[in-house]
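Each chain is listed here by its residues.
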Amino acid sequence: MSAENQGFNTRAVHAGQAFEPRTGAVVPPVHFSSTYAQDGIGGLRDGYEYGRGTNPTRDALQEQLAALEGGSHAYSFSSGLAAEDSLIRALTRPGDHIVLGNDAYGGTYRLINRVLGDWGIGNTPVDMADLDAVRKAVAASKTRFVWVETPSNPLMKITDIAALAAIAHDAGALLVVDNTFASPYLQTPLALGADVVVHSTTKYIGGHSDVVGGAIVVNDAELAEKIGFVQFAVGAVSGPMDAFLTTRGLKTLGVRMDRHSDNGQAVAEWLLQRPEVEAVLYPGLPSHPGHELARKQMKKFGGMVSVQFKGGEAAARTVAENTQVFTLAESLGGIESLMNYPSEMTHASVKGTELAVPVNLIRLSCGIEDVEDLIADLERAFTFLE
Ligand SMILES: Cc1ncc(COP(=O)(O)O)c(C=O)c1O
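As the structure is a prediction and not an experimental result, all values here were calculated from the model. (Residues numbered from 1 in each chain as written. Predicted model: local features only at pLDDT ≥ 70, side-chain atom pairs only at ≥ 80, totals over all residues. Heavy atoms only, no water.)

Draft legend 1. A look at the site of the ligand. Around the ligand lies a shell of 13 residues, among which Gly80, Asp178, Ser200, Thr202 and Lys203 are the nearest. Leu81 is positioned such that a nitrogen or oxygen atom in its backbone is 2.9 Å from an oxygen atom of the ligand. A distance of 2.6 Å separates a nitrogen atom of the ligand from a polar atom in the side chain of Asp178. Within the complex, the protein chains bury 90% of what would otherwise be the 390 Å² of accessible surface of the ligand. When atoms are counted within 2 Å of each cavity's grid points, the one that captures over half of the ligand is the largest pocket. Here the element with the most residues in the shell around the ligand is helix H3 (residues 80-91); it accounts for three residues. Looking at the shell around the ligand, its residues break down into two nonpolar, seven polar and four charged. (Near = heavy atom within 4 Å. Polar contact = N/O pair within 3.5 Å; in protein donor to acceptor, adjacent residues only side chain to side chain. Areas by Shrake-Rupley, 256 points an atom, 1.4 Å probe, with all protein chains shown as cover. 1 Å grid on protein atoms, 1.4 Å probe; cavity = no way out; pocket = protein on both sides within 12 Å on 5 of 7 lines; lining within 4 Å. Sits in = over half its atoms within 2 Å of the grid points. Helix = DSSP H or I, 4+ residues; strand = E, 2+ residues; numbered from the N terminus. Nonpolar A, V, L, I, M, F, W, Y, C, P; charged D, E, K, R; others polar.)

As structure tokens, this is what we get:
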């Protein structure tokens, strides 16, 4: 059976993971070598020359990522932001413009606005759910990328990937989807018309909060060649141990995402009936404005839930600081549940801008623990509210 016809979990376990031929070791060894012996000058074995350019452990991860996102090529980096930086350097030039979601991850906006802005890359933040506004913003400048996160971080907005791809392509631009929140198990943007997928593999793909990484996946040889060149020439690559840990996490992505989604749904439904809560932002709730669209373009709704409190900033801070199973920490997507207060933590860098996050909002990353314990933990934290 060819790999393309295999199910998601079979590809997750096997793509790029053939056993080692000499010993039969079922788990391919981690290759730490920074360089490779040559059989005479230029006599490379299987193309391996130097570790920044190629490494078998990184190659295995890249093959696995491409197989799961339905791309022809994947590139692995030392962080999500390193992947984004390399992508922008590879495919934009001074004078080009990026139209991005007005609730993009704060670090992405900081990179685009405060680092790459000085190198001549313009940007316009826009509400991606408002397709007319996107069309106008794209037409107003020399747009090279339309850049979207769906679900977005932390407002959980859902955007129509196929519609955005059409808008981008009509204007001669590319659609970049940050698929960190959904992961390829829940959503495959390339199949919906996107040109590029980026990931913080630190999150669901790694899945165990023990490795930082990023990835780019494309389905086009010309784009791949340009990205591959920058990966090699700039060198923000993942190291062998990071690549190995990411590969190991990725093998269980499907089973983890099923559990994250079940727990996310149950937690969102519990929050919805609490009188202290002003709004629950979770695409699995029929009341969410993007629910129908999410049902179309996602397999399930994931483990990320944002919640806003009637009691404002004080209530949000009280709950954030009084849980025991949910750990107050940056990041998301690990097997352990995490709690985040975005306006002072993950999104502090966009405070005071139009990307600022409401101060009465907390973001929950529901892990794979027993859901009764997650709900009991929240219930206990809620008792601290007046
Ligand atoms: C949606 C999203 N994209 C990109 C990033 C950046 O990834 P990294 O922290 O691995 O550099 C993050 C990090 O939180 C994120 O949440």
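Draft legend 2. Spotlight on the sheet that holds strand E3 (residues 122-126). Pairing is mixed across the open sheet formed by seven strands, whose spatial order is E1-E7-E6-E5-E4-E2-E3. Lying at the two open borders of the sheet, with one neighbouring strand each, are strand E1 (73-77) and E3. For this sheet, the mean inter-axis angle between neighbouring strands, taken without regard to orientation, is 20 degrees. Running at roughly 150 degrees to strand E4 (residues 143-149), helix H5 (residues 131-139) makes contact with strand E2 (97-101), E3 and E4 of the sheet. Along the sheet, helix H6 (residues 161-170) makes contact with E4 and strand E5 (174-178), crossing E5 at roughly 150 degrees. (Pairing = 2+ DSSP bridges. Axes fitted to C-alpha atoms, helices over the stretch in contact; angles between N-to-C directions. Contact = heavy atoms within 4.5 Å.)

Draft legend 3. Broad picture of the layout of surface pockets. Looking at the largest pocket, its volume works out to about 350 Å³. Around the largest pocket, the lining is made up of 22 residues, and of these Tyr105, Thr180, Ser200, Thr202 and Lys203 lie nearest the centre. Taken together, the elements giving at least two residues each to the lining of the largest pocket come down to H3 and strand E6 (196-200). Top element by residues in the lining of the largest pocket is H3. It accounts for three residues. Of the residues in the lining of the largest pocket, the class split is six nonpolar, ten polar and six charged. (Points joined across faces, edges and corners; volume = space filled by probe spheres on them.)

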